[in-house]
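As a plain string of letters, each chain reads:
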Amino acid sequence: MAVITISPDQIKKKKRRGPKGHAVDLTALEEVKSLLGDESRQRDLLIEHLHKIQDHYQHISSKHLVALAHEMNLSTAEVFEVASFYHHFDVVKEGQTAPPSLTVRVCESISCEMAGAHDLIDALEQGLNDKVRVQKVPCVGRCQHAPVAVVGQNPLHQATTDSVTTAVENNDIKDSMTDYISMEHYLSEGGYQTLKKVVEGTINTESILKKMEDSGLRGLGGAGFPAGRKWRIVNSFAAPRMMAVNIDEGEPGTFKDRHYLEQDPHRFLEGMMIAALTVGCEAIYVYLRDEYAGCRDILTKEIANLQNNPPSTIYNMPPIYLRRGAGAYICGEESAMVESIEGKRGMPRLRPPFLAEVGLFGRPTLEHNMESVYWVRDIIEKGPDWFSSHGRHERKGLRSFSISGRVKKPGVHLAPAGITMRELIDEYCEGMQEGHEFYGYFPGGASGGMLPESMADIPMDFDTLNQYGCFIGSAAVIVFSNQDSAKKLALNAMKFFEEESCGQCTPCRVGTAKAATLMEQKDWDTDLLEELSAVMVDASICGLGQAAPNPMRCVIKYFPKEL
């Protein structure tokens, strides 16, 4: 073989005429700098800074995206892949037309579909001018007020064409804060006294851990892991430790966290601080879904109020950082939420290691749902028996049921753990709506499966529904009637999962899409659907793909007449 030798003199180096990558528009750069102000340019603030651009311009142009990448010392590709992952960022490439400055989002998830959301969407698409964009969106966390339309950031309950049109014409696009319990009122009722004792060492760590374990409180975000045991596990790992609070609440049918935040935010903040101090966390990150603009204003105000007026001067409490989601259901999964807090795409992590050992910024992390820490103050002050003394049918504790659908009185109902669906409807919801007969229910949101009326006497709690192919999850209950089709509602759920799959693993990404297509057929190929479900359950990385087949499987098992 002949070898050709090339001398260095024969190699001509071409000099790059401009900077590597996309050229930075100097005007866009100044605009981005102005929006960011004196705030840090650290990597984990990427999503926060993208929100600033989206809020100001109602979209993110390519020139602003490049300018932000330059300002944060990131690659343009890195910023683009994050911005394009989240539904609430409108990335406009060069040559594309920006969307209208105002967007009306209409929820089309299960409860809103039953309440006529699609008719509302059709009417708005015909009635509003081309300066307003009408978007079909998944659950916005207000299922008890179905159908819901969000004009800008202003949620309209029991929305109609007239109410939406009026809001658009009046430029009524901001959410408002509810009349919640203020810090002054909370303090007057004994608030923050328990936190003060924890800070000053009057209540020791071991006694708190023991009370939490004895109470039987389990994680109320869906997984149900014992809270006291989780605290002890995280506390066993080397410091520094972190805390992350999940208020993404994207499961269709769930709205309990918003309900409590709008009523009594300081009870949540006190419980959160007690948990953080007990476990020894050096910082707290609160992840709030973007649809809760009113709650974001409340927390922004009251977190600052608490930090400026701590209950004790003995110890500086850990800092609290409020982080804003961007419209991705997958970020309700704990590891995806942590990725999002770090300013990345919300992609679930492979486990092990678990967050308790390697979590936020690589540190041991105490991750909790908002409601889980909401009850901490009561458990410590009233004792573990106060919480565990509640319950029915040999179950213990309290459950906050988010109930929507065909009942007379939807909303958040605090009831004993183990209560049955029939008891919930009769005792808490004032029965079914006029003209509707109880036909079936989702016991745990879109992912929790479906059960018929004949199975409404099963105690509803963690572990009691598993043998029936269902679970209680975050206790998001959707009730449907003889005027609804279980088959159609299951299809709605599957389309939701198809839309919200992060796309990381093939069984979930392809499986949800294929299942939705098969479920749109008049006659279901049940054998093929079952085979597809088995693959999704066995091979999906996280709970989204594993639980997505539940409603469809339940239709085959419990509603065969519809097939």
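The structure under discussion appears in the preceding block.
Right, let's walk through the structure included here. (Residues numbered from 1 in each chain as written. Predicted model: local features only at pLDDT ≥ 70, side-chain atom pairs only at ≥ 80, totals over all residues. Heavy atoms only, no water.)

1. Considering the environment of Ile-208
Moving on, step 1. If you trace the backbone, Ile-208 turns up in helix H10 (residues 205-215).
Moving on, step 2. The exposure class assigned to Ile-208 is buried, which follows from its relative accessible area of 1%.
Moving on, step 3. C-alpha separation for the pair Ile-208 and Gly-397, spaced 189 residues apart in sequence, amounts to 18 Å.
Moving on, step 4. Dropping the residues within four chain positions of it, Ile-208 is found in contact with Val-198, Ile-203, Trp-231, Ile-274, Thr-278 and Ile-380. (Helix = DSSP H or I, 4+ residues; strand = E, 2+ residues; numbered from the N terminus. Buried < 20%, exposed > 50% of the residue type's maximum accessible area, 1.4 Å probe, protein only. Contact = heavy atoms within 4.5 Å.)

2. Section: helix H11 (residues 227-235)
Moving on, step 1. When H11 is considered as a whole, its buried residues turn out to be Ala-227, Gly-228, Lys-230, Trp-231 and Val-234. Buried residues of H11, viewed axially, fall in a sector of 160°; they line one side.
Moving on, step 2. As for H11, its buried residues are in contact with H10, strand E7 (241-247), helix H13 (265-279), strand E10 (365-369) and helix H17 (376-382). (Arc of directions from axis to C-beta.)

3. A word on the packing of H13 against helix H14 (residues 293-308)
Moving on, step 1. Packing of H13 against H14 brings their axes to within 11 Å, and their N-to-C directions diverge by 55°. Of the possible angle classes, the one that applies to H13 and H14 is oblique. Both H13 and H14 take part in a crossing whose hand is right-handed. Contacts between H13 and H14 involve Pro-265, His-266, Phe-268, Leu-269 and Met-273 from the first element and Ile-298, Leu-299, Glu-302, Ile-303 and Leu-306 from the second.
Moving on, step 2. Classifying every residue of the contact of H13 with H14 by side-chain character gives 8 nonpolar, 1 polar and 1 charged. (Axes fitted to C-alpha atoms, helices over the stretch in contact; angles between N-to-C directions. Parallel < 35°, antiparallel > 145°, perpendicular 65-115°, else oblique. Left-handed = near helix turned anticlockwise from the far one by under 90°. Nonpolar A, V, L, I, M, F, W, Y, C, P; charged D, E, K, R; others polar.)

4. Looking at the sheet that holds strand E5 (residues 149-151)
Moving on, step 1. Strand order in the open sheet formed by 4 strands is E4-E3-E5-E6, with mixed pairing between adjacent strands. Both outer strands of the open sheet, strand E4 (132-137) and strand E6 (154-156), are each paired with one neighbouring strand and no more. Direction aside, the axes of adjacent strands within the sheet are offset by 25° on average.
Moving on, step 2. As paired elements, strand E3 (residues 102-107) and E5 share 3 bridges and run antiparallel to each other. Across the sheet, Arg-105 pairs through a bridge with Val-150, a residue of E5.
Moving on, step 3. This element, helix H6 (residues 117-127), spans E3 and E4 of the sheet and lies at about 160° to E3.
Moving on, step 4. The strands touched by helix H7 (residues 161-169) within the sheet are E3, E4, E5 and E6, with E5 carrying the most contacts at an inclination of about 10°. (Pairing = 2+ DSSP bridges.)

5. Things to note about the side chain of Arg-241
Moving on, step 1. Relative to the assigned elements, Arg-241 resides in strand E7.
Moving on, step 2. Looking at Arg-241, its side chain comes within polar contact range of the main-chain oxygen of Asn-235, at 3.2 Å.
Moving on, step 3. Within the local environment of Arg-241, its side chain forms a polar contact with the backbone oxygen of Phe-237, the two atoms lying 2.7 Å apart.
Moving on, step 4. For Arg-241, the contacting residues outside a window of four places in its chain are Val-234, Asn-235, Val-279, Gly-280, Cys-281, Glu-282, Ala-283 and Pro-364. (Polar contact = N/O pair within 3.5 Å; in protein donor to acceptor, adjacent residues only side chain to side chain.)

6. Structural notes on the pattern of salt bridges
Moving on, step 1. Under the defined criterion, the tally for this structure stands at 39 salt bridges.
Moving on, step 2. Here Glu-291 ties to Arg-289 by a salt bridge, and the two come within 3.0 Å at their closest N and O atoms.
Moving on, step 3. Here the residues in one salt-bridge network are Asp-55, Asp-290, Arg-296 and Arg-324, joined through shared partners. (Salt bridge = Lys/Arg side-chain N within 4 Å of Asp/Glu carboxyl O.)

7. Describing the packing of aromatic side chains
Moving on, step 1. Per the stated rule, a full pass over the model turns up 18 aromatic pairs.
Moving on, step 2. Consider the rings of Tyr-285 and Phe-361, whose centres lie 5.6 Å apart with planes at 65°: the pair is edge-to-face. You can see Tyr-285 sitting in strand E8 (residues 281-288) and its partner Phe-361 sitting in the loop between helix H15 (334-341) and E10, a full 76 residues away along the chain.
Moving on, step 3. Plain terms: the ring middles of Phe-480 and Phe-559 are 6.0 Å apart, the flat faces sit at 45° to each other, and that makes the pair tilted. In this pair, Phe-480 sits in strand E15 (residues 476-481) while Phe-559 sits in the segment after helix H24 (550-558), placing the two residues 79 residues apart along the sequence.
Moving on, step 4. Given a relative accessible area of 0%, Phe-480 falls into the buried group.
Moving on, step 5. For Phe-559, a relative accessible area of 3% corresponds to the buried category.
Moving on, step 6. Above the face of the Phe-225 ring, Arg-229 is positioned so that its terminal group lies 5.3 Å from the ring centre.
Moving on, step 7. Above the ring of Tyr-292, the side-chain terminus of Arg-289 is found at 5.4 Å from the ring centroid. (Phe/Tyr/Trp six-rings, centres within 6.5 Å; stacked < 30°, edge-to-face > 60°. Lys NZ or Arg CZ within 6 Å of the ring centre and 35° of its normal.)

8. Quick notes on unusual backbone geometry
Moving on, step 1. Here Ala-146 and Pro-147 are connected by a cis peptide whose omega angle stands at -5°.
Moving on, step 2. Of note, Pro-147 is situated in the loop between E4 and E5.
Moving on, step 3. In this structure, Pro-240 follows Ala-239 across a cis peptide bond, with omega equal to 5°.
Moving on, step 4. Here Pro-240 shows up in the loop between H11 and E7.
Moving on, step 5. Despite not being glycine, Tyr-192 has its phi angle at roughly 70°, a positive value.
Moving on, step 6. Relative to the elements of secondary structure, Tyr-192 occurs in the loop between helix H8 (183-188) and helix H9 (193-200).
Moving on, step 7. A positive phi angle, close to 55°, is found at Phe-361, a residue other than glycine.

9. Examining helix H2 (residues 46-57)
Moving on, step 1. For H2, with 12 residues, the first-to-last C-alpha span of 17 Å sits near the 16 Å given by 1.5 Å per residue.
Moving on, step 2. Most of H2 is tucked away, with 9 of its 12 residues classed as buried. (Expected span 1.5 Å × (residues − 1).)

10. Side note on the side chain of His-368
Moving on, step 1. Inspection of the secondary structure puts His-368 in strand E10.
Moving on, step 2. You can call His-368 buried: its relative accessible area is 2%.
Moving on, step 3. For His-368, the contacting residues outside a window of four places in its chain are Ala-227, Lys-230, Trp-231, Ala-244, Val-245, Asn-246 and Val-373.

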